[in-house]
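Take a look at the letters that make up each chain.
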Amino acid sequence: MTSYYFEYQKIFVSVDCIIFGFEENKLKILIGRRKMDPGRGEWSLYGGFVRNDESVDDAAARTLFELTGLRNVYMRQVGAYGSVDRDPGERVVSVAYYALINVKDYDDQLRREHGVEWVNINEIPQLYSDHNQMVIDARRMMRKKISTEPISFRLLPNLFTLTQLQRLYEAVNGEEVDKRNFRKRVKEMDFIEKTELIDKTGSKRGAYLYRFNKKAYNEDPNFKL
């Protein structure tokens, strides 16, 4: 380390992860009780400090892996949060990221070990510091992305019904969509493939299962739903 900038105040840099999942037709996020001071015991997002040998992106990826054990997860930066009084412990600037995972891919034993819970996005308690604002900003970004990029399939199983896909869009956007128009648009998309498999968990008649064809999407990525 050099002695440059010694005359300036040192500031801590951290990352916070807003991890979205979709379960029981609800959009959810992972939160847990804070295990350090200040704010010990308060509900909080999962995060950590950036190390000297890593970028903020690398720090976010490491933090996400430590919590979920998953790699190659869809993750995007939300923004930097640097209010002077946001952390009563020290001067801390946090860079927030949101990530999308399939709830069933997350080992429940690992979730319990970390003491985090899936909470309905509409029932989030008061979180530590400015974490509620991070969640609001992340959801706003996801609402814009989900209509122009196929990120919704990150939250669904490999095989899904059109009802599951519709419920996901409604959960993200916070409003109902017209079933007929929604399915009409979906069926016009070559990269959403209908299979011969049928899901009978919802009714005796069942519903056809679909899957996302990444190759077909890459050949014609003019996506808008």
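Scoring rules and cut-offs
Residues numbered from 1 in each chain as written. Predicted model: local features only at pLDDT ≥ 70, side-chain atom pairs only at ≥ 80, totals over all residues. Heavy atoms only, no water. Axes fitted to C-alpha atoms, helices over the stretch in contact; angles between N-to-C directions. Helix = DSSP H or I, 4+ residues; strand = E, 2+ residues; numbered from the N terminus. Parallel < 35°, antiparallel > 145°, perpendicular 65-115°, else oblique. Left-handed = near helix turned anticlockwise from the far one by under 90°. Contact = heavy atoms within 4.5 Å. Buried < 20%, exposed > 50% of the residue type's maximum accessible area, 1.4 Å probe, protein only. Nonpolar A, V, L, I, M, F, W, Y, C, P; charged D, E, K, R; others polar. 1 Å grid on protein atoms, 1.4 Å probe; cavity = no way out; pocket = protein on both sides within 12 Å on 5 of 7 lines; lining within 4 Å. Points joined across faces, edges and corners; volume = space filled by probe spheres on them.

S.K.: Would you explain the packing of helix H4 (residues 162–173) against helix H5 (residues 179–187) in this entry?
M.R.: Geometry of a packed helix pair, given as the angle between the helix axes and the separation of the axes. At a minimum axis separation of 11 Å, H4 and H5 run at an interaxial angle of 110°. As summarised for this structure, H4 and H5 are arranged roughly perpendicular, according to the angle between their axes. Of the two possible hands of crossing, H4 and H5 adopt the one that is right-handed. In this structure, H4 uses Leu 162, Thr 163, Leu 165, Gln 166 and Tyr 169 to contact H5, whose residues at the interface are Lys 179, Phe 182, Arg 183, Val 186 and Lys 187.

S.K.: How should I be thinking about the environment of Ile 151 in this particular structure?
M.R.: Looking at the element boundaries, Ile 151 is found in the loop between helix H3 (131–146) and H4. By relative accessible area, Ile 151 is classed as buried at 3%. Sequence spacing of Ile 151 and Tyr 74 is 77 residues, and the spatial spacing of their C-alpha atoms is 8.1 Å. Apart from the residues within four sequence positions on either side, Ile 151 is in contact with Tyr 74, Tyr 98, Leu 100, Met 142, Lys 145 and Ile 146.

S.K.: It is not clear to me how the packing of H3 against H4 should be interpreted in this structure. Could you clarify?
M.R.: Viewed as axis vectors pointing N to C, H3 and H4 meet at an angle of 140°, and their least axial separation amounts to 9 Å. As judged from the angle between their axes, H3 and H4 are oblique. In this structure, H3 crosses over H4, and the sense of that crossing is left-handed. Counted together, Arg 139, Met 142, Arg 143 and Ile 146 of H3 and Tyr 169, Ala 171, Val 172 and Asn 173 of H4 form the full contact between these two elements. In terms of residue class, the contact of H3 with H4 is made up of five nonpolar, one polar and two charged.

S.K.: Explanation requested: the layout of surface pockets in the structure shown.
M.R.: With a probe scaled to a water molecule rolled over the atoms, the places where space remains empty come into view. Reported here for the largest pocket is a volume of approximately 620 Å³. Lining the largest pocket we find 23 residues, and of these Tyr 74, Pro 150, Phe 153, Arg 154 and Phe 212 sit closest to its centre. Those elements giving two or more residues to the lining of the largest pocket turn out to be strand S5 (74–81) and helix H6 (214–219). Top contributing element to the lining of the largest pocket by residue count: H6, with three residues. Its residues placed into classes, the lining of the largest pocket shows 13 nonpolar, four polar and six charged. Quantified by volume, the second largest pocket comes out at close to 520 Å³. If you trace the second largest pocket, you find 27 residues lining it, with Arg 34, Met 36, Ser 44, Gly 47 and Gly 48 closest to the centre. The set of elements that each furnish at least two residues to the lining of the second largest pocket consists of strand S1 (12–23), strand S2 (26–33) and strand S4 (46–49). Here the residues of the lining of the second largest pocket sort into ten nonpolar, nine polar and eight charged.

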